[in-house]
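Fold and geometry: a report
One letter stands for each residue in the lines below.
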Amino acid sequence: MKICVVGVGYVGLVTAACLAEAGNNVICVDKDAEKIAHLNDGAIPIYEPGLAEIVKHNVKLGRLNFTTDLKYGVDNSLIIFLAVGTPSLPDGSADISAVLSVAAEIADNLSDYRIIATKSTVPVGTHGKVAEIINSKTDKPFDYVSNPEFLKEGSAVEDFMSPDRIIIGTTNPAVREIMKQLYSPFMRRSNRILFMSPISAEMTKYAANTMLATRISFMNELSVLCEKVGADIEQIRQGLGSDSRIGSSFLFPGIGFGGSCFPKDIRALIHTGTQNELEMTIAKAVQQVNKAQQERFANRIKEYFSGRENKTVLAVWGLAFKAKTDDVRESPAIFCIEKLLGYGMKIRAYDPEAANAALTALDNRIETSPNGIDVLDGADALVIFTDWQEFRNPDFKVIAARLKKPVIFDGRNLYGPDIVKKAGIEYYSIGRTPVTPSKS
Ligand SMILES: NC(=O)c1ccc[n+]([C@@H]2O[C@H](COP(=O)([O-])OP(=O)(O)OC[C@H]3O[C@@H](n4cnc5c(N)ncnc54)[C@H](O)[C@@H]3O)[C@@H](O)[C@H]2O)c1
């Protein structure tokens, strides 16, 4: 099929590359001329496991093209995907101006029937606004599909190639068949396409993200109670997750969720509730617990170094909002580092992929290193923000020897307290009793 994907970010580039990998011809359009020039030079603007290989492969075969020319994309495709950003506005609502402006531009260039499918996460009712704009500018025929994306950064290619479900929001049976055919290469084991109305498709995306974030906040709130009563949140997590009615995903306690989706989508859901005179009490509580969890972690470090904050140097492992991505948007690491810098502390950080993005987000107010060992030298403590695989089994003797005093603040519960204790390291994690090695 001939496809156009507008917006070549985390979602758009993965969508385009995976659709090209399935044999479709895909034109990627972005207004960011520099990004398009880099892509045309063979550079991949984001880190996503497995993405570079399939982009390069499909560019070589001529199935994947990059341009800033939307008209070219509209002229040469049957299905046009919108994958532009929908960031939060100050009132918490989702800014759909990019979606609407692309819709208007598509309408201006429409010369024949097209299917316009939205992958961007958009508030309920956006399908009506898009249709209204296009209808106001052209009488050419088109269909609209709400096709929210559920991929996860860090496993986006895998998620796209083997999705839990594909949601197609349209009432037109002919469009359902076309979308079914497009997604059939990714449904070979079983059919996981769910058809529904556009409004329900839009709502499902917000419901899914808020539900996942709810599980995280619930565990984080429990972790605080665990610390107060002396229970171990990791044991509780296993006890909970082994219940087949609950399942084990998204039950990891930590420093709170971040990223470009959960926080903004919860804000947008709350806003949609307000617009409809409904207080979204659960979503608000999820948000509140998440903020408190991030603050609690930064405060714990501040309290430990109380009175000598401006003499404190922290070695940091992890800046991305989660492992296997270079994305630092609303990363709890950035939130906590901002606080710690505000207390006068110095930060030397290592992240396998996100150092550059973090330097930009923090206006170069931290130092970064290309490896995790050098940052330890002479630092007052090691702080872990991101659960990268390479942090999971370190040489604790090296950590203890390089730090000024062996202390770890672990925001991801990467280590067993007994192992850290044996290495003579003071260890603060989430929802577990702190480890303070005896001075023998
Ligand atoms: N990142 C994720 O994990 C994820 C997962 C599911 C859904 N989503 C949703 O998908 C959407 C895109 O997210 P993302 O993380 O890929 O965003 P992103 O910021 O990485 O990419 C958006 C791209 O759109 C381009 N763009 C903006 N306005 C444009 C315009 N008028 N014309 C052409 N290009 C334009 C930008 O230049 C950018 O390259 C959002 O609505 C997001 O909520 C994201």
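See the structure shown above.
Throughout what follows, the structure given in this document is the object of discussion.

Scoring rules and cut-offs
Residues numbered from 1 in each chain as written. Predicted model: local features only at pLDDT ≥ 70, side-chain atom pairs only at ≥ 80, totals over all residues. Heavy atoms only, no water. Helix = DSSP H or I, 4+ residues; strand = E, 2+ residues; numbered from the N terminus. Rg over C-alpha atoms; globule rule 2.2 N^0.38 Å. Contact = heavy atoms within 4.5 Å. Areas by Shrake-Rupley, 256 points an atom, 1.4 Å probe, with all protein chains shown as cover. Lys, Arg positive; Asp, Glu negative; His and termini not counted. Charge placed at Lys NZ, Arg CZ, Asp CG, Glu CD. Near = heavy atom within 4 Å. Polar contact = N/O pair within 3.5 Å; in protein donor to acceptor, adjacent residues only side chain to side chain. Nonpolar A, V, L, I, M, F, W, Y, C, P; charged D, E, K, R; others polar. Buried < 20%, exposed > 50% of the residue type's maximum accessible area, 1.4 Å probe, protein only. Arc of directions from axis to C-beta. Pairing = 2+ DSSP bridges. Axes fitted to C-alpha atoms, helices over the stretch in contact; angles between N-to-C directions. Core = buried A, V, L, I, M, F, W, Y, C linked by side-chain atoms within 4.5 Å. Salt bridge = Lys/Arg side-chain N within 4 Å of Asp/Glu carboxyl O. Parallel < 35°, antiparallel > 145°, perpendicular 65-115°, else oblique. Left-handed = near helix turned anticlockwise from the far one by under 90°.

So, the overall build of the chain
On a plain count of helices and strands, the chain comes out with 16 helices and 14 strands. The C-alpha radius of gyration computed for the chain amounts to 24 Å, which stays within 12% of the reference 22 Å derived for 440 residues, consistent with globular compactness. Residue pairs in contact within the chain that sit at least 24 positions apart in sequence constitute 74% of those at least 6 positions apart. Only carbon and sulfur atoms are counted for the fraction: they give 51% of the accessible area of the chain, which is about 19,800 Å². Here the chain carries 50 positive and 52 negative side-chain charges, and the mean point of each set is 5 Å from the other.

A look at the environment of Val 407
As for its placement among the helices and strands, Val 407 is situated in strand 13 (residues 407-410). Taking the C-alpha atoms as reference points, Val 407 and Ala 379, 28 residues apart in sequence, are found 9.6 Å from one another. Beyond its immediate sequence surroundings of up to four residues, Val 407 is in contact with Tyr 304, Asp 380, Ala 381, Leu 382, Ile 425, Glu 426 and Tyr 428.

Topic: the site of the ligand
The ligand sits among 27 residues. The nearest are Asp 30, Lys 35, Thr 86, Glu 153 and Lys 264. Take Thr 86: an N or O atom from its side chain is 2.6 Å from an oxygen atom of the ligand. In this structure, an oxygen atom belonging to the ligand sits 2.6 Å away from a side-chain N or O atom of Lys 264. When the free accessible area of the ligand is taken as 830 Å², the share hidden by the protein chains comes to 88%. If you list the elements that add at least two residues to the shell around the ligand, you get helix 1 (10-21) and helix 5 (97-109). At three residues, helix 5 tops the list of elements feeding residues into the shell around the ligand. Classifying every residue of the shell around the ligand gives ten nonpolar, eight polar and nine charged.

Thoughts on helix 3 (residues 51-60)
Inspection of helix 3 places Leu 51, Ile 54, Val 55 and Asn 58 among the buried residues, and these make up the whole buried set. For helix 3, the buried positions fall inside an angular range of 105 degrees around the axis, keeping them on one side. Exposed and facing more than 90 degrees away from the buried side of helix 3 are Glu 53 and Lys 60. Buried residues belonging to helix 3 abut helix 1, strand 3 (64-67) and helix 7 (156-161).

Comments concerning the sheet that holds strand 10 (residues 346-350)
Strand order in the open sheet formed by six strands is 11-10-9-12-13-14, with parallel pairing between adjacent strands. Single-partner strands in this sheet number two, and they are strand 11 (367-368) and strand 14 (426-428). In terms of strand pairing, strand 13 meets strand 14 through three bridges, oriented parallel. Each residue of the ladder has a partner; that of Ile 408, found in strand 14, is Tyr 427. Lying on the sheet, helix 12 (residues 281-304) is in contact with strand 9 (313-317), strand 12 (381-384), strand 13 and strand 14; it crosses strand 13 at an angle near 165 degrees.

Thoughts on the side chain of Arg 237
Looking at the element boundaries, Arg 237 is found in helix 10 (residues 233-241). For Arg 237, the side chain forms a polar contact with the side chain of Glu 234, separated by 2.8 Å. Once residues within four sequence positions are removed from consideration, Arg 237 is found in contact with Met 219, Leu 251, Phe 252 and Pro 253.

Thoughts on the nonpolar core
Within the largest apolar cluster, 55 residues are counted, with the highest numbers of intra-cluster contacts made by Trp 317, Phe 385, Phe 409 and Tyr 415. If one sorts the elements of this core by residue count, helix 13 (residues 332-342) sits on top with six residues. In this structure Tyr 415 touches Trp 317, Ile 384, Phe 391, Arg 392, Pro 394, Phe 396, Ile 408, Asp 410, Val 420, Tyr 427 and Arg 432, once residues within four positions along its chain are discounted. Cys 28, Val 55, Ile 166 and Ile 193 belong to the second largest nonpolar core, which has 40 residues in total.

Quick word on the pattern of salt bridges
Scanning the entire structure with this criterion turns up 19 salt bridges. A salt bridge links Arg 365 to Glu 338; the nearest nitrogen and oxygen atoms lie 3.0 Å apart. In this pair, Arg 365 is assigned in the loop between helix 14 (355-361) and strand 11 and Glu 338 in helix 13, connecting sequence segments 27 residues apart. Taking the relative accessible area as the measure of exposure, Arg 365 reaches 39% and is therefore partly exposed. Asp 380 serves as the salt-bridge partner of Lys 404, at 3.4 Å between the closest nitrogen and oxygen. With Lys 404 in the loop between helix 15 (396-402) and strand 13 and Asp 380 in the loop between strand 11 and strand 12, this pair connects stretches of sequence that are 24 residues apart. Classification of Lys 404 as exposed rests on a relative accessible area of 59%. Each of Glu 153, Asp 327 and Arg 329 takes part in one network of salt bridges that share partners.

Focus: the packing of helix 9 (residues 198-229) against helix 12
The axes of two packed helices give the description: the angle between them and the distance between them. Two numbers describe how helix 9 lies on helix 12: the axes approach to 9 Å, and their chain directions differ by 45 degrees. Compared by their axis directions, helix 9 and helix 12 come out oblique. Pair helix 9 / helix 12 crosses with left-handed handedness. Here Thr 210, Ala 213, Thr 214, Ser 217, Asn 220, Glu 221, Ser 223, Val 224 and Glu 227 of helix 9 come into contact with helix 12, specifically with Ile 282, Ala 283, Val 286, Val 289, Asn 290, Gln 293, Arg 296 and Arg 300. Taken together, the residues that form the contact of helix 9 with helix 12 break down as six nonpolar, seven polar and four charged.

Comments concerning unusual backbone geometry
You will see that Glu 330, though not glycine, has its phi angle at about 50 degrees, which is positive. Relative to the helices and strands, Glu 330 resides in the loop between strand 9 and helix 13. The residue Asn 364 is not glycine, and still its phi comes out positive at about 55 degrees. Of note, Asn 364 is situated in the loop between helix 14 and strand 11. A relative accessible area of 58% means that Asn 364 is categorised as exposed.

Some remarks on the environment of Lys 284
Locating Lys 284 in the fold gives a position in helix 12. Setting aside chain neighbours within four positions, we find Lys 284 in contact with Ile 270 and Glu 279.

Read these as spatial facts, not as claims about activity.
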